[in-house]
Amino acid sequence: SNSNSNSTPITSTSISIAKPSTTLASTSSPPTTSTSVQGKSTAPLPAKIKVPDIPLSLPSAPPQTYYQFERIYHELKKDNGLLLSYLQMIPINSIQSLFRNFISSDILFEWLEIISKSYFTSTSDKEIDQVENGKKDKVTTTLQTLEAISKIDRFGMLIMFAGEKEKKIITSIFNQLDQYVNQNSEMANMVTNLKQKYAA
């Protein structure tokens, strides 16, 4: 009879301890989590706001650093006319210092392609072609620009590893120059020297 009376309280105690445990477990996770997630999934998405395109325009002054040049250069690539004007607004005597020790292969050959396609055929060609001095000034500017570009560090290495497309761009430039300078010995000598630098 003593053993029966001792076992009953132990069982009762174990049950009463288990009940708080169950209650704590059920209240440990906040009920707001599922409601919050569910609310997010059913909330309507906000309408997309269309931002109008900002018209491209030339900067008021030439770039002072390579970073500034590159940033504006990539913005103006969408408009060939503005990009041409942007490149031509850079003083020739500041090209070497602007690029210092670096010019990317993409920018170099894109610049040369613009020279090939645009430096000899600007919108004022009809008027310039009637004036011999105007034609000479244009060719002189092109020669001076090519000379300044050739003095940028890494230029020789980029020319050395130029592909077929890039070589065709260079050939096109010097073919046009040959037509302009064939009767001007001083310019012809400049072209000959540049051909060596550009491996043309």
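Each remark here, short or long, concerns the structure printed above.
Residues numbered from 1 in each chain as written. Predicted model: local features only at pLDDT ≥ 70, side-chain atom pairs only at ≥ 80, totals over all residues. Heavy atoms only, no water.

Asks: Please explain the packing of helix α10 (residues 164-181) against helix α11 (residues 185-197) as it appears in this structure.
Replies: Two quantities define a packed helix pair, namely the angle between the axes and the distance from one axis to the other. Viewed as axis vectors pointing N to C, α10 and α11 meet at an angle of 165°, and their least axial separation amounts to 9 Å. It follows that α10 is roughly antiparallel to α11 by the angle criterion. Crossing handedness for the pair α10 and α11: left-handed. Facing α10, whose interface residues are F174, L177, D178 and V181, α11 presents M187, A188, V191, L194 and K195. Across the contact of α10 with α11, the residue classes break down as 7 nonpolar, no polar and 2 charged. (Axes fitted to C-alpha atoms, helices over the stretch in contact; angles between N-to-C directions. Helix = DSSP H or I, 4+ residues; strand = E, 2+ residues; numbered from the N terminus. Parallel < 35°, antiparallel > 145°, perpendicular 65-115°, else oblique. Left-handed = near helix turned anticlockwise from the far one by under 90°. Contact = heavy atoms within 4.5 Å. Nonpolar A, V, L, I, M, F, W, Y, C, P; charged D, E, K, R; others polar.)

Asks: What's the story with the pattern of salt bridges in this structure? I'm lost.
Replies: Opposite charge on two side chains allows them to pair when their charged atoms are near. Inspection of every chain in the model, using the stated rule, returns 5 salt bridges. Residues E75 and R71 are paired through a salt bridge, measuring 3.7 Å at the closest nitrogen-oxygen approach. Taken as a pair, E75 and R71 lie in helix α3 (residues 66-76) at a separation of 4 residues, close to a single helical turn. The exposure class of E75 is partly exposed, given its relative accessible area of 38%. Among the salt bridges present, the one from K197 reaches E147, with a minimum N-O distance of 2.6 Å. In this pair, K197 is assigned in helix α11 and E147 in helix α8 (residues 132-150), connecting sequence segments 50 residues apart. (Salt bridge = Lys/Arg side-chain N within 4 Å of Asp/Glu carboxyl O. Buried < 20%, exposed > 50% of the residue type's maximum accessible area, 1.4 Å probe, protein only.)

Asks: What exactly am I supposed to notice about a nonpolar patch on the surface here?
Replies: Taken together, the side chains of M157, M160 and F161 define a hydrophobic patch exposed on the protein surface, amounting to about 390 Å² of accessible area. In this fold, M157 is placed in helix α9 (residues 155-160). (Patch = residues over 30% accessible without salt bridge, like charges linked within 9 Å, V, L, I, M, F, W, Y side chains within 5 Å. Areas by Shrake-Rupley, 256 points an atom, 1.4 Å probe, with all protein chains shown as cover.)

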